[in-house]
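The residues making up each chain are set out below.
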Amino acid sequence: MTPPCPTFSAALQEAGKGKSFLQSFAVATGRGGKFFYKFFTSRYIKFPNLAPQTQNLCYNGIGYGAGRAKFSAAAASGRFCAGEKGRRIGILTSGGGGPGLNAVIRGFCKYCFNKMKDVEILGFLEGYAGLIDRQYRQLSPADVEGILDLGGTILGTSRQPYKLMTVKEGEGPTRLQQMVENYKKLRLDCLVTLGGAGTHKTASLLSVEGCNVIGLPKTIDNDIYGTDVTFGFHTAVGIAADALKRIRTTADSHRRVFFVEVMGNKVGWLTLYAGMAAGADAILLPEIPFDEDNLIKFIAEKQASGARSVVIAVAEGAMSRREADMGKKERRDYLVQFGSATVAERLAGTISQKSGLSCRSTVLGHIQRGGDPCAYDKVISTDIGAFGAHLADIGRFGVTVCIKGNRLGFNVLTDIAGRTKRVPADGQQVLLAKDMGVYFGE
Ligand code: F6P
């Protein structure tokens, strides 16, 4: 029979019979002592944007060392924590699908199967829906073979709006309560959630409710706060840039103006990168409202200077100054007159009407989220998955993996949840682009 989970001090006593406190600490914590030391010697990245309290936590690694100690102590007594037969970890993919999800699942599982004894990995199906309804399947090493390149997610995904998580439906429990209950019923030691901003908000809620959660940052929007990059982003940049480049040749042939709509409802990272990678003439972002009349002037000047075509990368969430000044409801009412037309379609329509120019629009849409990840995404997805497993291994929960200045690290979920990383309108990239003559619609 498995002995009950010991307290850390009991495990220390057990591991260090007849030894000094420091010796027994080293025996009980194993590699944890080393990590602890490394944190203290400032190996880890700094998090200038986070609250000073959290910076300290990340910087001095007290939480990290303590987490490691707890798990190593449990390991010293022959068991992990809650599960009876070693560790049981849940994993799910949530929100919009994107390239790299399978590569992350693979990196995560490979680390677990390789480094942890008696690990069970439960893959929840269709995102948080699988945790709510207790729909899952156990993942084996064979399940993650050959999926590094595979687009989509082998677990399926769904959007489960964060706002509905705590809403009561009749007498029953909320979705959040159902998830916490299932987490406990399944005796999970940890839950790993791959997703974007909404997924992280729910992950943070679960963490506050006492579940051991680790987030992994996925989104083609690259808008998760506290990380330089999210997996899936660079693949989408490549797809959108390639489309823009192709549009250029047909636009040149016909002397046309093209509005190419790139995904990104709230932030413009994808449009900015794709636009720059394809040499777009203008880039319209949600962060920088555009002026339609000035845009017409810009196009006319461009043509007068001899350009055969004008290619404009437009973010899905880009809006005019007029719209930006409206409240949410007023804007919704104003947009009714355009039916289901997207921003690129509206711009092509109104600008041809106002100026007589030959304008066309192309909406790239979900093609940007499909297919296999690019080489860079395969690398960072694998790293992020493996690092997430490493955090699970050492018991560092309530965090999400990040990449800052080319180093893997983590942020505390409650610090980053609900915050958005936007394109700074006066940031280096935008200013340099402007200096080169790229127009941002102002
Ligand atoms: O968050 C990723 C994203 O692709 C956004 O860029 C886009 O606004 C949204 O998802 C589209 O969501 P859906 O797949 O639900 O239409």
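Residues numbered from 1 in each chain as written. Predicted model: local features only at pLDDT ≥ 70, side-chain atom pairs only at ≥ 80, totals over all residues.

Considering the overall build of the protein chain
The helix and strand inventory of the protein chain stands at 18 helices and eleven strands. Residues classed as buried in the protein chain amount to 49% of the 442 residues present. Considering only contacts in the protein chain between residues 6 or more positions apart, those separated by 24 or more positions represent 73%. (Helix = DSSP H or I, 4+ residues; strand = E, 2+ residues; numbered from the N terminus. Buried ≥ 20, exposed ≤ 12 C-beta atoms within 10 Å, placed from the backbone. Contact = placed C-beta atoms within 7 Å.)

Considerations on the site of the ligand
Near the ligand the following residues occur: G96, R159, G196, T219, I220, D221, M263, G264, N265, E316 and R369. The two domains that each donate at least three residues to the shell around the ligand are domain 2 (88-226 + 373-416) and domain 3 (233-371). (Near = placed C-beta within 6 Å. Domains from an automatic or database assignment.)

What to know about the sheet that holds strand β9 (residues 359-363)
One key point about sheets: their strands pair by backbone hydrogen bonds, in either a parallel or an antiparallel sense. Here we have four strands laid out as an open sheet, ordered β7-β8-β6-β9, and parallel in their pairing. Both edges of this open sheet fall to β7 (282-284) and β9, since each of them pairs with a single strand only. Within the sheet, the average angular offset between the axes of one strand and its neighbour, ignoring direction, is 20°. As paired elements, β7 and strand β8 (residues 310-315) share three bridges and run parallel to each other. Residue I283 lies in a different strand from β8, and its bridge partner there is A313. (Pairing = 2+ DSSP bridges. Axes fitted to C-alpha atoms, helices over the stretch in contact; angles between N-to-C directions.)

Examining the sheet that holds strand β10 (residues 399-404)
Here we have seven strands laid out as an open sheet, ordered β3-β2-β1-β4-β5-β10-β11, and mixed in their pairing. This sheet does not close on itself; its edge strands, each paired only once, are β3 (136-139) and β11 (407-412). Here the average twist between neighbouring strands, direction ignored, is 30°. Relative to strand β5 (residues 213-217), strand β4 (residues 190-195) is paired through five bridges, and the arrangement is parallel. Among the inter-strand pairings, G195 is bridged to a residue of β5, identified as P217. Across the face of the sheet, helix α9 (residues 197-208) comes into contact with β4, β5 and β10 while running at roughly 165° to β4.

Side note on the pairing of β10
By the criterion of burial, β10 is predominantly enclosed, with five of the six residues buried. Pairing of β5 with β10 involves two bridges; the strand directions are parallel. Its bridge partner being in β10, I214 is matched across the sheet by V399. As paired elements, β10 and β11 share six bridges and run antiparallel to each other. Residue pairing in the sheet places C402 in a bridge with G409 of β11. The hairpin formed by β10 and β11 contains two residues between the paired strands, and G405 there has a positive phi angle of roughly 55°.

Focus: the nonpolar core
The biggest cluster of nonpolar side chains holds 60 residues, and the ones touching the most others in it are I89, V104, F108 and V192. Excluding residues within four positions of it along the chain, F108 makes contact with I91, V192, G385, A386, G388 and A389. Among the nonpolar cores identified, the runner-up in size contains 52 residues, and Y273, A274, I312 and Y439 belong to it. (Core = buried A, V, L, I, M, F, W, Y, C linked by C-beta atoms within 7 Å.)

Description of the pairing of strand β1 (residues 87-93)
Most of β1 is tucked away: seven of the seven residues are buried. By the alternation rule, side chains of β1 split into R87, I89, I91 and T93 and R88, G90 and L92, which are all buried. Bridge analysis of β1 against strand β2 (residues 119-124) gives five bridges, and the strand direction is parallel. When the bridges of β2 are listed, R87 appears paired with V119. Tracing the backbone out of β1, into helix α6 (residues 101-115) and back to the parallel element β2 gives a crossover that is right-handed. Sheet topology places β1 next to β4; five bridges connect them, and they run parallel. Note that in β4 the partner of I89 across the bridge is C190. (Right-handed = clockwise from strand over helix to strand, strands pointing away.)

Observations regarding helix α11 (residues 269-278)
Among the ten residues in α11, eight count as buried, and that is most of the element. Looking at the packing, one finds that the buried side of α11 touches α10 (233-254), β6 (257-262), β7, β8 and α18 (428-435). G279, located one to two residues past α11, shows a positive phi value of around 65°.

Some thoughts on the packing of helix α12 (residues 292-304) against helix α15 (residues 343-355)
Helices that pack against each other are described as a pair by the angle of their axes relative to one another and the distance between those axes. Where α12 meets α15, the closest approach of the two axes is 11 Å, and the angle between their N-to-C directions is 70°. When the axes of α12 and α15 are compared, the pair comes out roughly perpendicular. α15 is crossed by α12, and the crossing has right-handed handedness. From α12, E292, L295 and I296 reach across to α15, where they touch T350, I351, K354 and S355. Taken together, the residues of the contact of α12 with α15 sort by class into three nonpolar, two polar and two charged. (Parallel < 35°, antiparallel > 145°, perpendicular 65-115°, else oblique. Left-handed = near helix turned anticlockwise from the far one by under 90°. Nonpolar A, V, L, I, M, F, W, Y, C, P; charged D, E, K, R; others polar.)

Observations concerning the confidence of the model for the protein chain
Across the protein chain, the average pLDDT comes to 87, with 81% of residues at 70 or higher. Predicted confidence is poor over residues 70-84, with pLDDT under 50, and the contacts of this stretch with residues over four places away or in other chains come to 43 contacts. (pLDDT = per-residue confidence, 0-100.)

Examining unusual backbone geometry
For D118, which is not glycine, the phi torsion reads 50° and is therefore positive. Along the chain, D118 falls in the loop between α6 and β2. With phi around 55°, N222 is a residue other than glycine that occupies positive phi space. Considering the arrangement of structural elements, one finds N222 in the loop between β5 and α10.

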